[in-house]
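Fold and geometry: a report
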Amino acid sequence: MKKMIIQGGNRLSGEVTIGGAKNSTVALIPSAILADTPVQFDTVPDILDVHNLMIILESMNVHSSFKHGVLDIDPTQIIEAELPSKAIKSLRASYYFMGALLGRFHRATLTFPGGDNIGPRPIDQHLKAFEALGATVSENNGTVHLEAPNGLHGTRIFMDMVSVGATINAILAAVRAEGVTIIENAAREPEIVDLATFLNNMGAQIRGVGTDVIRITGVNSLQSMNTHTIIADRIESGTYLSLAAAMGDGVMINNVIPEHLEAYTSKLIEMGVDLKIDSDKIYVPKAEHLTAVHVKTMPYPGFATDLQQPLTPLMAKAAGVSTVVDTIYPKRVKHIPELQKMGMKIAAGDGKITIEHTDHFNGADVEAGEIRAGASLVITGLMADGQTVIHKADNILRGYDRIVWKLNRLNANVRIEDDEQD
Ligand SMILES: CC(=O)N[C@H]1[C@@H](OP(=O)(O)OP(=O)(O)OC[C@H]2O[C@@H](n3ccc(=O)[nH]c3=O)[C@H](O)[C@@H]2O)O[C@H](CO)[C@@H](O)[C@@H]1O
Ligand SMILES: C=C(OP(=O)(O)O)C(=O)O
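Residues numbered from 1 in each chain as written. Chains lettered and ligands numbered in written order. Predicted model: local features only at pLDDT ≥ 70, side-chain atom pairs only at ≥ 80, totals over all residues. Heavy atoms only, no water.

Per an unreviewed UniProt entry, the protein goes by the name UDP-N-acetylglucosamine 1-carboxyvinyltransferase and belongs to Limosilactobacillus fermentum NB-22. UniProt, in the comment section headed Pathway (unreviewed entry), describes the protein in these words: "Cell wall biogenesis; peptidoglycan biosynthesis." Of the comments in the UniProt record for the protein, the one headed Function (unreviewed entry) reads "Cell wall formation. Adds enolpyruvyl to UDP-N-acetylglucosamine." (UniProt positions renumbered as here; feature names shortened; annotations may be inferred.)

So, in structure tokens, the structure goes:
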């Protein structure tokens, strides 16, 4: 494991460019095995999840290479093989190989995925979708075995709750199935639209993505003709917006899709941050006299659960008491004891998190229990006096593209080292 060391107190300024969306990328890479040709992705974030997905691809004889943000994947020599459980467990999105392998081979065997430890994360809706499409599902000792000896057949799938992962897995399994699949109560996240754009450009027939009813007509073959450029990461964008408002003297954030961030930017504006929103960039001036806000996380287009923790340090700067209710992951509270060590007046109770105005933060030895808890520690570490050491920093590197380089270019003082503590 790595640790991140931050010398706090530096004011930030300059420009930062947002990378491709983690949650698109981690679906696009498994989806590549559905293609009958090599595929290429551009603006791929340099994050641990990508490197672990490449290890999983390699185990199936799918060669990939990643250089300067361009990822080439050649699935034409794919073989069925046992997948490396360490890599599978290193991230959440490895479960997309369930849908993709089922689509490609009509069978798949995988251990349960890992990913952020943010409370219970069942996959019953994924399995329900696979069964509806004609697969049998068996579980044994943490391994899931899926098999559709008679192929997959289009059907109507009603999701009991809005799930990004289950919607994507149903698309992956249905895209080469026979006939028409209709997914109702589908998730509407932009990353799902991005995946469907990639698949449709290869000949898939997916309609209605971005609404809660998706209609997929199965096709026999998917062939890539061009490079797919991944959409900007709205969660990375929101993280830099928060840290720029917290510690910036004027920061330009480039490669942003403002429409994907409206629930978030409207909260920043409500707090008193005078954002200058352009078509693909947002300027954050020095922010003063912030007021408290109340946030409730919701599926897209609501306020993203992945942005509640990155907003927390800014809430602590505001006058009054801010609150967060996370309706998606009510147990997403790993940041709280760590932020308390840094002096933040933050507490959880009665199903909500309260954040009181805090004048002063002190550097401390803390632990990134998950990626966005880690983001809140990074921002608070930048605001704090003295040195902050964030252990388990791999959880941050899972999903933040070249974060040390990006922060230091903004005049932060951050480095990564191996952690002897592990
Ligand atoms: C790789 C990726 O894209 N990760 C994102 C994805 O995770 P992920 O796809 O795992 O999250 P879901 O949208 O599936 O989860 C939403 C809610 O549904 C529940 N649920 C989900 C599936 C299921 O079969 N049964 C069930 O009960 C979950 O416990 C959760 O309470 O969406 C989350 C919610 O926006 C984000 O925090 C993650 O960053
Ligand atoms: C929860 C997250 O990721 P994952 O689903 O990949 O664990 C996240 O990105 O905040």
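**A word on the packing of aromatic side chains**
Considering all chains together, one arrives at three aromatic pairs under this definition. Plain terms: the ring middles of Tyr-264 and Phe-303 are 5.6 Å apart, the flat faces sit at 45° to each other, and that makes the pair tilted. Here the residue Tyr-264 occupies a position in helix α9 (residues 262-271), and Phe-303 occupies one in the loop between β17 (294-297) and α10 (308-317), the gap between them amounting to 39 residues. Across the pair, Phe-303 and Tyr-264 agree in class, each one buried. (Phe/Tyr/Trp six-rings, centres within 6.5 Å; stacked < 30°, edge-to-face > 60°. Helix = DSSP H or I, 4+ residues; strand = E, 2+ residues; numbered from the N terminus. Buried < 20%, exposed > 50% of the residue type's maximum accessible area, 1.4 Å probe, protein only.)

**A closer look at the site of ligand 2**
The full set close to ligand 2 counts eleven residues, and Lys-22, Arg-121, Arg-332, Arg-372 and Arg-398 are the nearest of them. In this structure, an oxygen atom belonging to ligand 2 sits 2.7 Å away from a side-chain N or O atom of Arg-121. Here an oxygen atom of ligand 2 sits 2.7 Å away from a polar atom, N or O, in the side chain of Arg-372. Protein chains bury 93% of the 290 Å² of accessible surface belonging to ligand 2 in isolation. A majority-of-atoms criterion places ligand 2 in the largest pocket. Its residues assigned to classes, the shell around ligand 2 shows two nonpolar, one polar and eight charged. (Near = heavy atom within 4 Å. Polar contact = N/O pair within 3.5 Å; in protein donor to acceptor, adjacent residues only side chain to side chain. Areas by Shrake-Rupley, 256 points an atom, 1.4 Å probe, with all protein chains shown as cover. 1 Å grid on protein atoms, 1.4 Å probe; cavity = no way out; pocket = protein on both sides within 12 Å on 5 of 7 lines; lining within 4 Å. Sits in = over half its atoms within 2 Å of the grid points. Nonpolar A, V, L, I, M, F, W, Y, C, P; charged D, E, K, R; others polar.)

**Focus: the site of ligand 1**
If you check the shell around ligand 1, you find 21 residues, and the closest are Gln-125, Ser-163, Val-164, Asp-306 and Ile-328. Gln-125 is positioned with one of its backbone polar atoms (N or O) 2.7 Å from an oxygen atom of ligand 1. Interatomic distance of 3.0 Å between a side-chain N/O atom of Tyr-329 and an oxygen atom of ligand 1. Computed on the free molecule, ligand 1 has an accessible area of 730 Å², of which 88% lies beneath the protein chains in the complex. Given that more than half its atoms are within 2 Å of the pocket grid, ligand 1 belongs to the largest pocket. For the shell around ligand 1, the secondary structure elements donating two or more residues are α1 (22-31), α5 (124-132) and α6 (164-174). When residues in the shell around ligand 1 are grouped by element, the largest group, three residues, is from α5. Taken together, the residues of the shell around ligand 1 sort by class into ten nonpolar, six polar and five charged. Both domains that furnish three or more residues to the shell around ligand 1 are identified here as domain 1 (2-19 + 232-418) and domain 2 (22-229). (Domains from an automatic or database assignment.)

**Re the UniProt feature "binding site: UDP-N-acetyl-alpha-D-glucosamine" (unreviewed entry) in the protein**
If you check UniProt for "binding site: UDP-N-acetyl-alpha-D-glucosamine" (unreviewed entry), the listed places come out as Arg-92, Arg-121, Pro-122, Ile-123, Asp-124, Gln-125, Asp-306 and Ile-328 in our numbering. As for the lining of the largest pocket, the annotated residues named previously contribute Arg-92, Arg-121, Pro-122, Ile-123, Asp-124, Gln-125, Asp-306 and Ile-328. Tracing the backbone through its elements, the reader meets Pro-122 in the loop between β6 (107-111) and α5. With relative accessibility at 58%, the residue Pro-122 sits in the exposed group. By the element assignment, Gln-125 lies in helix α5. The contact partners of Gln-125, leaving out residues within four places of it in the chain, are Phe-158, Met-159, Asp-160, Met-161 and Ala-166. (Contact = heavy atoms within 4.5 Å.)

**Points about the pairing of strand β16 (residues 281-284)**
Burial along β16 is one-sided: Ile-282 and Val-284 are buried, while Lys-281 and Tyr-283, pointing the other way, are not. As judged from the four bridges shared by strand β14 (residues 248-254) and β16, these two strands associate in the antiparallel manner. Across the sheet, the residue bridging to Val-251 is Val-284, located in β16. Taken together, the two bridges between strand β15 (residues 276-277) and β16 define a ladder with antiparallel strand orientation. For Ile-277, the partnering residue across the bridge sits in β16 and is Ile-282. The antiparallel pairing of β15 with β16 creates a hairpin that spans three residues between the two strands. (Pairing = 2+ DSSP bridges.)

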